[in-house]
Amino acid sequence: MIDLHLHTKYSDGTDTVQELLEKAEKNKLEVISITDHDSVGAYFELEKHPEIRGIFSGDIIIGSEIKTYFEDINIEILAYGIDYKKINIKREDRMVVQNDILKNHIEVAKKLGLKVDENIKADPTDSNKIYSSWVFCDDILKYKENEQIIKKLGEINKHTFYRKHEGNKNSPFYYNTLKYYDDCQTLINKIHQAGGLAFLAHGLIYSFDDNRYTIEKMFKETNIDGAECIYPLFNEEEKEFMINLCKKYNKFTSGGSDYHAKNKPTTFMGTGINNNIVVQKEFIKDWINKVKKF
């Protein structure tokens, strides 16, 4: 069994690199990839502390989950097998970006008549406050007087707000962050230049008007290498759709849990939500030997 979508404290997970590797070894995973958001910090740590790498007896594919956009919607690309010393990830200071977004959400909330604390801030030292969407939702949801307005807006909670509102052009809370990131093809080119392969992460969860049409368009218009086809939020039909689409366009397949430890407490390394995923090493046989491992 393998898991190619794991997060540590280098982005929004709560495990240290050592804790994650200890769990991967305990769970008898054969291949993993630490794919922190816009970060390869875990690999510099492993380079500095080879004794930590020794905890895990399986293969580690060097990876990162990098923000980009396609059709003016924020998406993520999983970069596998990259040279972590060469990959050039375009990024602004994360907290500057998050607090810019938070200012927007506060202004929109006030216009909608929502009670909100105008002094709330994202905080990189607090794992519950590293994203604007988390800080914002925690605040507006604590006021009883906001309940009726929130009902009219549809589902609002800290775990879905980013996809359903912040990254959704049809929501009043949409915030165009595209200026902060490379476009999809530019990012794919950078991944290739760093010796890696580019995979679309969890494609069916994005806020495109028609996800399936748009993913197929991406496969046609870019030279992306593959897609994450096994994912805890995909049902069986969605998994099969992604696998068949990859076959149709001769793309590689991958899968993972999107493990964040305490920040996604119902999602478990290797098994997803209520044991709803299994990714076998056979699933990546076509490309595992094409990428760098640590």
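Data block above holds the structure.
It should be emphasised that the depicted structure is a prediction, and the values quoted were computed from it without experimental measurement.

(A) Representation of the overall build of the protein chain within the structure. Regarding its fold elements, the protein chain presents 10 helices and 8 strands. Considered along the principal axes of its C-alpha atoms, the protein chain spans approximately 55 × 40 × 35 Å. Counting only contacts in the protein chain whose residues sit at least 6 apart along the sequence, the fraction spanning at least 24 positions is 74%. Surface summary for the protein chain: the accessible area is close to 13500 Å², and the carbon and sulfur share equals 47%. Within the protein chain, one finds 42 positive and 47 negative side-chain charges whose respective centroids are separated by 1 Å.

(B) Structural detail: the packing of aromatic side chains. Under the defined criterion, the tally for this structure stands at 15 aromatic pairs. Taken together, a centroid distance of 5.1 Å and an interplanar angle of 80° make the contact between Tyr131 and Trp134 edge-to-face. For the pair Tyr131 and Trp134, a shared accessibility class is recorded, and that class is buried. Here the aromatic rings of Phe219 and Tyr249 are separated by 6.1 Å at their centres, their planes lie at 75°, and the arrangement is edge-to-face. Of this pair, Phe219 sits in helix α9 (residues 211-221) while Tyr249 sits in the loop between α10 (236-248) and β8 (252-255), placing them 30 residues apart in sequence. Positioned above the aromatic ring of Phe241, the side-chain terminus of Arg212 is 4.6 Å from the ring centre. Between Lys251 and the ring centre of Phe219, over which it is positioned, the NZ or CZ distance is 5.9 Å.

(C) Up close: the packing of helix α4 (residues 94-112) against helix α5 (residues 132-140). At their nearest, the axes of α4 and α5 sit 9 Å apart, and the two run at 35° to each other. Here α4 and α5 pass one another in a crossing that is right-handed. Residues Gln98, Ile101, Leu102, His105, Ile106 and Ala109 of α4 touch α5, and the partners they reach there are Ser132, Val135 and Phe136. For the contact of α4 with α5, the residue count by class is 6 nonpolar, 3 polar and no charged.

(D) Main features of the pairing of β8. In terms of strand pairing, strand β7 (residues 226-230) meets β8 through 4 bridges, oriented parallel. Pairing of Gly226 across the sheet is with Phe252, part of β8.

(E) Summary view of the sheet that holds strand β5 (residues 73-80). A sheet is described by the order of its strands in space; here 5 strands give the open sequence β4-β5-β6-β7-β8, paired in mixed fashion. Single-partner strands in this sheet number two, and they are β4 (63-70) and β8. Direction aside, the axes of adjacent strands within the sheet are offset by 40° on average. In this fold α9 packs onto β4, β5, β6 (197-200) and β7, with an angle of close to 100° to the strand it touches most, β4.

Here is what the cut-offs are and how they apply
- Residues numbered from 1 in each chain as written.
- Predicted model: local features only at pLDDT ≥ 70, side-chain atom pairs only at ≥ 80, totals over all residues.
- Heavy atoms only, no water.
- Helix = DSSP H or I, 4+ residues; strand = E, 2+ residues; numbered from the N terminus.
- Contact = heavy atoms within 4.5 Å.
- Areas by Shrake-Rupley, 256 points an atom, 1.4 Å probe, with all protein chains shown as cover.
- Lys, Arg positive; Asp, Glu negative; His and termini not counted.
- Charge placed at Lys NZ, Arg CZ, Asp CG, Glu CD.
- Phe/Tyr/Trp six-rings, centres within 6.5 Å; stacked < 30°, edge-to-face > 60°.
- Buried < 20%, exposed > 50% of the residue type's maximum accessible area, 1.4 Å probe, protein only.
- Lys NZ or Arg CZ within 6 Å of the ring centre and 35° of its normal.
- Axes fitted to C-alpha atoms, helices over the stretch in contact; angles between N-to-C directions.
- Left-handed = near helix turned anticlockwise from the far one by under 90°.
- Nonpolar A, V, L, I, M, F, W, Y, C, P; charged D, E, K, R; others polar.
- Pairing = 2+ DSSP bridges.

Shape descriptors only; they carry no functional weight alone.
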